[in-house]
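Examining the three-dimensional arrangement
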Amino acid sequence: MSTDSTPITLWCLEYRSNSFSITIGNNNSIFDLKKAIFEKINVPDNVKAKNLCLWNVNVEESQLESNTPDDLMTVENEIKIASQKVGNTFYGVQDNNIRVIVKVPVAIEQLDASVFVDRSGIICKELLKKFDIIPNKVEELKTLIDAPLLRKLPVTSDEEIMFPDISNYVCTTQGERRSAIAKINSNLFTIDTKFSGKSESMLHHPIDSMIRIPLENFNKYLGGSLPIDIDRDKSDSGSTTKGTQRPNFLCWIKKLLIFKGEEKANVGDFDTARIELVEKFNVLDPIFFGNIKFLICYAAAGSNVQFYAIDGSKETVKNPNQLMPLTGVLNSINLVDRITILRTTVNIARIMLTISDNITDMIIPLGKKQKLGHSYITFFANSVVKLPGLVQIKEDPLFIQDQRMYKVKMTTQGIPCKLNNENDVREMTKCVLTGLARLHAGRYVHRDIRIPNIVFVPEHHDNFRYVLIDFEHGGMNKQKPGENLNGWDANTLTKSGHYVYLSEMYQLGKMLEKYNDLMTAGGKDFVNQLKSKNLTAEEALKHTWINNSTTSI
C-alpha cells in the first residue's frame, strides 16, 4: 500500500496478543490503516479488513496488563469513520506509546445452505403419524389424546434452556430453528394470557396459537394427507349441529365436522361453554360417520381450556353424561399446560389422520345448493333438483349398514332423444324452437344446442314431448362468451365475437343437418335458411316445413 503524504509510525496492540508497528501517511484513511494492520496479523479466513475494530489510545505498553486493555476500549475511543484521515485521528505521535488497539471479531459463522431450507414438511411427517388403532368409540380416545409426542417440538430461541420445565417437549436445533413450525411453536411463549376484562374476540389469538394455527400448518405441510378445513362462528352444512347453531370453532375433515369448540371471555363462564358443546350438537349421521361414534371438542373460558368428546352412539343420545372429558382443565398461563394443549392438538391431528381413510371423499349436505360445473344442484331426502322436474328419485333411499353406503336411485324424467323419421325431426325442432322463442323474448340464449341436451318426455303436458335441458352455458344476447364450446365453428359468433339469437339458429341448423337423410327438400331448405342466419325463432316457427307434417304433432 502506498504512503500518502508525510509518513507516521503507529504502534498497535492486538487484543490479547502482541504489539507491532505500522507506517502510514497522514492523508491515508482509517480504512487504509485497517488494510495495513490486516496484513500484519492472523485472522480467520472469513474475516475481512473492514471487520477489524480499532480504538484510539495513547498509553505505554508497560502500563498494560496481560495485553487486555478493556478499560480503554470504550465507545468514545472507538474509531468508527473509515474515511477519516489518519493525521486527523492521531495527534502528537511520538515515542513508542501504543496508539491503536486492534480487536479481531470472532469468526463469522459460516452456515451451510441446508439450514435455510424450511424443514416443516419433514417435521410434520415425523410428528404426525397414524395411530396403530382406528378409534371408533369415545373410550378409545383417551389413550390416544394422552400419547407422548413422537419427537420434540422444534423452537427457535433455546426455550428449553430458558424454561427448564418444558425441556422434555421442545428443543432448538440449527437445522430446524428457522422452520415455520419452529416459529409457530416459539410464538406460544409470547402470547398474552391476561384475559381479565377482555372480550371474547380477544380470546381468539391465544386459542388460535395453540389449536387453529398448528392445525392449519399441519394441513399445509402434509397436503392431501390431512384434508381439513377450519372456520369460526359458522353453521355446519351437515346434520352434526342443530339447525343454524354456530360453534365458535369448527374443523372439518373431507367436509365432515369432526372437531369443534366453544369459547367464553371469562373464566367464570366455563360451564356455559361446556354446556353449549352439547346444546349445539345434533346427531352423528351414520350415513357419513359410519362406525365413528364421537365428535372431539373443547371448551375455553379465559385462560382455561378442557378437551372433550361427545359420545354419538345410540345408547347415549339422551344421556346427560354424553360429554366425556379427554383432559383435565388446562390453564394456559402455565407453560407446561400450554404445551399440553399443543400436544393435545398434535394428537387430535393424528386421530383425524388415522380416521380420514374411513370417511367418504364426497359429503353432500341435504338441502344445500352445490355448484356443479356451470350449474347448481340441490339434494333433498327424496328428490334432487337441478332443473325442476327433470331429475327425480326412482326408488326410496336405502342405507346399507354393512357396506356403509347410502344408495339413491335417480332417473331423469325424459329419455335420450332418438329421431327415426322426418316427423320426429320436425316435432323435436318445433319443441326446441318454441323454447328458444320464449328464451329470446327474455333476451336470453342457450348457447349449447345439441342432441345430448334434448330429452324426450312421452308424458309431458301440452304435447311438447321434447325438452331442451342443461343451461350451464346460457347467457344474455349479444354477450362475448368466456369460452368457445366444442360444437361452435367460425360462423357461430358475429364478426365482433358476440353470441346472438341468430347464432342459436345457426347452431340448430348445424344440428339438424345431421338428419338430412331423413328429410325431404322442404326440410333441407329450412336447414339451409337456419344456417344462413335468415330466420329468428319466431319466424322459423311459421315456416311451411314446421307446419306441414303428415301426422299431427
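To be clear, the structure that these remarks concern was listed above.
Residues numbered from 1 in each chain as written. Predicted model: local features only at pLDDT ≥ 70, side-chain atom pairs only at ≥ 80, totals over all residues. Heavy atoms only, no water.

**Let's talk about the packing of aromatic side chains**
What counts, and what does not: Any two rings among Phe, Tyr and Trp, with Trp reduced to its six-membered ring, count as a pair given centres within 6.5 Å; such a pair is stacked if its planes are under 30 degrees apart, edge-to-face if over 60, and tilted if neither. Only DSSP runs of H or I covering at least 4 residues are called helices, and only runs of E covering at least 2 are called strands; the numbering of each starts at the N terminus. Burial classification: accessible surface area is computed with a 1.4 Å probe over protein chains only, and a residue below 20% of its type maximum counts as buried, one above 50% as exposed, and the rest as partly exposed. Either the NZ atom of lysine or the CZ atom of arginine qualifies as a charge over a ring when it sits within 6 Å of the ring centre and within 35 degrees of the ring normal.
All chains considered together, the criterion is met by 8 aromatic pairs. Plain terms: the ring middles of Phe249 and Phe259 are 5.3 Å apart, the flat faces sit at 70 degrees to each other, and that makes the pair edge-to-face. Within this pair, whereas Phe249 is found in strand β9 (residues 249–253), its partner Phe259 is found in strand β10 (residues 256–264), the two being separated by 10 residues in sequence. As far as the burial class goes, Phe249 and Phe259 line up, both buried. Among the aromatic residues, those joined into a cluster by ring pairs are Phe249, Phe259, Tyr298 and Phe307. Just above the ring of Tyr15 sits the side chain of Lys103; from NZ or CZ to the centre is 4.8 Å. The ring of Phe131 has Arg350 lying over it, and the distance from NZ or CZ to the ring centre is 3.9 Å.

**Observations concerning the nonpolar core**
Here is the rule: Put simply, a nonpolar core is a bunch of buried Ala, Val, Leu, Ile, Met, Phe, Trp, Tyr and Cys residues held in one set by side-chain atoms that sit within 4.5 Å of each other.
With 73 residues, the main nonpolar core has Ile211, Leu215, Phe218, Phe259, Tyr298, Phe307 and Met352 as its most contacted residues. The leading source of residues in this core is helix α11 (residues 335–355), at 10 residues. Judged by nonpolar contacts, the second largest core, of 31 residues, contains Met428, Val432, Leu436 and Ile449.

**Looking at the pairing of strand β8 (residues 228–232)**
Applied cut-off: DSSP bridges decide pairing: two strands pair if at least two such bridges lie between them.
Side chains Ile228, Ile230 and Arg232 project from β8 onto a buried face, and the interleaved Asp229 and Asp231 project onto a face without burial. The sheet contact formed by β8 and β9 spans 5 bridges and is antiparallel. Bridge pairing links Asp231 to Leu250 in β9.

**Regarding the sheet that holds strand β4 (residues 78–79)**
Here we have 5 strands laid out as an open sheet, ordered β2-β1-β5-β3-β4, and mixed in their pairing. Each end of this open sheet is capped by a strand with a single partner; those strands are β2 (19–25) and β4. Inspection of the sheet shows strand β3 (residues 53–59) paired to β4 by 2 bridges, in the antiparallel sense. Among the inter-strand pairings, Leu54 is bridged to a residue of β4, identified as Ile79.

**Digging into helix α9 (residues 270–279)**
Put simply, the rule reads: Throughout, the arc means that of the directions going from the helix axis to the C-beta atoms. Whether two residues touch is decided by their heavy atoms; if any such pair falls within 4.5 Å, the residues are in contact.
Of the positions making up α9, those classed as buried are Phe270, Ala273, Glu276 and Leu277. Along the axis of α9, the buried positions cluster into a sector of 125 degrees, meaning they face one direction only. Contacts made by the buried residues of α9 are with β10, β11 (294–301), β12 (304–311) and β13 (323–325).

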